[in-house]
Amino acid sequence: MSGTILITGATSGFGQATARLFAKDGWQVVGTGRRADRIAALREELGPAFHGMVFDITDEAAMQSEFDVLPAEFKDIDILVNNAGLALGTATAPGVPLKDWHTMVNTNITGLLNITHHLLPVLIERRGMIINLSSVAAHWPYAGGNVYAGTKAFLRQFSLGLRSDMHGKGVRVTSIEPGMCETEFTVVRTGGNQDASDTLYKGVNPIVPDDIANTIHWVASQPKHININSIELMPVNQSFAGFQVHRDV
Ligand code: NDP
Ligand code: 8X3
């Protein structure tokens with residue numbers, strides 16, 4: 001099976017690994033991101049099967065401009081992977097700058113909605129697929145997760161709602177909900193602190209980007225009568241803790 005896949009956030013982590021895997025498997029790949037140098041490097045690496053789009057996903061006009069010049073051979077998009085996203089900070093709610101909450105909502109929700117809405121007609125026409133990158137944070141609360149976790153819970157529920165709305169149209173929708181995966185995620189979350197990222201993942205044997213790319217590929221490879229609604233996956237070394245209890249004494 002092959003076709004055309006559009007992956008948001010292809011300049012790093014899950015998105016980059018997914019672009020590489022699908023290109024290797026013979027797909028036409030459209031990859032997006034803000035970092036033009038990374039998009040150019042992917043084009044160099046993957047060749048003419050890759051088309052890059054450089055825009056900030058929160059900027060609807062910039063997104064539209066890139067679609068206006070999308071070459072004909074990349075227009076028939078079969079799969080949208082909504083992957084671009086970020087967490088900012090690990091502080092509890094009172095300590096988080098409001099602008100960080102806005103950035104997470106604008107990126108993980110509003111930007112994702114813009115591109116999804118834009119591509120729904122072609123995805124319906126092609127009886128395509130939408131794969132959304134949610135998170136274990138959608139299910140399992142932790143201190144410091146606040147708005148990031150909220151955006152991922154939105155995405156999980158939005159995926160289920162889209163499934164209902166696509167009823168009878170042959171469009172498949174999947175929510176992928178990973179736990180700890182070592183990418184640039186924690187470097188971004190900590191404002192560029194590579195040491196904090198290295199410390200977080202040390203000894204965890206975390207998920208790696210290729211694991212998520214393989215999961216996305218597996219979802220995309222299912223027969224057309226099967227919809228994978230959601231997949232939650234974690235490193236073996238990450239699990240659950242109990243409730244926290246504060247005593248007023
Ligand atoms: P990375 O930081 O490695 O990659 C994030 C990608 O998102 C980059 O390509 C980045 O591109 C893109 N991106 C971020 N903000 C914007 C923006 N405003 N406009 C356009 N693109 C943007 O992280 P991951 O690969 O780990 O994360 C991918 C997704 O998976 C995210 O949605 C994340 O929430 C989710 N996730 C991650 C987990 C983890 O533990 N790593 C676990 C569960 C879910 P650029 O900077 O070039 O714009
Ligand atoms: C991020 C997953 O486990 O690092 O979406 O909070 S985790």
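Here is what the cut-offs are and how they apply
- Residues numbered from 1 in each chain as written.
- Chains lettered and ligands numbered in written order.
- Predicted model: local features only at pLDDT ≥ 70, side-chain atom pairs only at ≥ 80, totals over all residues.
- Heavy atoms only, no water.
- Helix = DSSP H or I, 4+ residues; strand = E, 2+ residues; numbered from the N terminus.
- Polar contact = N/O pair within 3.5 Å; in protein donor to acceptor, adjacent residues only side chain to side chain.
- Contact = heavy atoms within 4.5 Å.
- Pairing = 2+ DSSP bridges.
- Right-handed = clockwise from strand over helix to strand, strands pointing away.
- Salt bridge = Lys/Arg side-chain N within 4 Å of Asp/Glu carboxyl O.
- Buried < 20%, exposed > 50% of the residue type's maximum accessible area, 1.4 Å probe, protein only.
- Axes fitted to C-alpha atoms, helices over the stretch in contact; angles between N-to-C directions.
- Left-handed = near helix turned anticlockwise from the far one by under 90°.
- Near = heavy atom within 4 Å.
- Nonpolar A, V, L, I, M, F, W, Y, C, P; charged D, E, K, R; others polar.

Caption draft 1: Structural detail: the side chain of Glu177. With respect to the element layout, Glu177 can be found in strand S6 (residues 172–178). Here the side chain of Glu177 touches Ser175 through a polar contact of 2.6 Å, side chain to side chain. Leave out the neighbours within four places in its chain, and Glu177 touches Ser134, Ser135, Val136, His139, Arg156, Ser230, Ile231, Glu232 and Leu233.

Caption draft 2: Broad picture of the pairing of strand S3 (residues 50–54). Relative to S3, strand S2 (residues 28–33) runs parallel, the two sharing 5 bridges. Looking at the pairing, Thr32 lines up with Met53 of S3. One crossover worth recording links S2 to the parallel S3 by way of helix H2 (residues 36–46), and it is right-handed.

Caption draft 3: Up close: the pattern of salt bridges. Counted under the stated rule, the structure contains 7 salt bridges. With a closest N to O distance of 3.1 Å, Arg35 and Glu184 form a salt bridge. Of this pair, Arg35 sits in the loop between S2 and H2 while Glu184 sits in the loop between S6 and helix H6 (185–189); the two residues are 149 residues apart in sequence, bridging distant segments of the chain. Arg35 sits in the partly exposed class, given a relative accessible area of 33%. As a salt-bridge pair, Arg38 and Glu184 come within 2.9 Å of each other at their nearest N and O atoms. With Arg38 in helix H2 and Glu184 in the loop between S6 and H6, this residue pair connects regions lying 146 residues apart in the sequence. Judged by relative accessible area, Glu184 falls into the partly exposed class, the value being 26%.

Caption draft 4: Spatial organisation of the packing of helix H3 (residues 60–68) against helix H4 (residues 98–125). Relative orientation of the contacting elements H3 and H4 amounts to 35°, with a least axis distance of 10 Å. The handedness of the crossing between H3 and H4 comes out as right-handed. Packed against H3, whose contacting residues are Glu60, Met63, Gln64 and Phe67, the element H4 presents Asn114, Ile115, His118 and Leu119 at the interface.

Caption draft 5: Examining the site of ligand 1 more closely. Close contacts around ligand 1 come from 28 residues, with Thr11, Ser12, Arg34, Tyr148 and Thr183 the closest. With respect to ligand 1, the backbone of Cys181 contributes an N or O atom lying 3.0 Å from an oxygen atom. In the environment of ligand 1, an oxygen atom lies 3.2 Å from a nitrogen or oxygen atom belonging to the backbone of Glu184. For the shell around ligand 1, the secondary-structure elements that each account for two or more residues are helix H1 (13–24) and helix H5 (146–165). Class assignment for the residues of the shell around ligand 1 results in 11 nonpolar, 12 polar and 5 charged.

On their own, these measurements won't tell you what the molecule is for.
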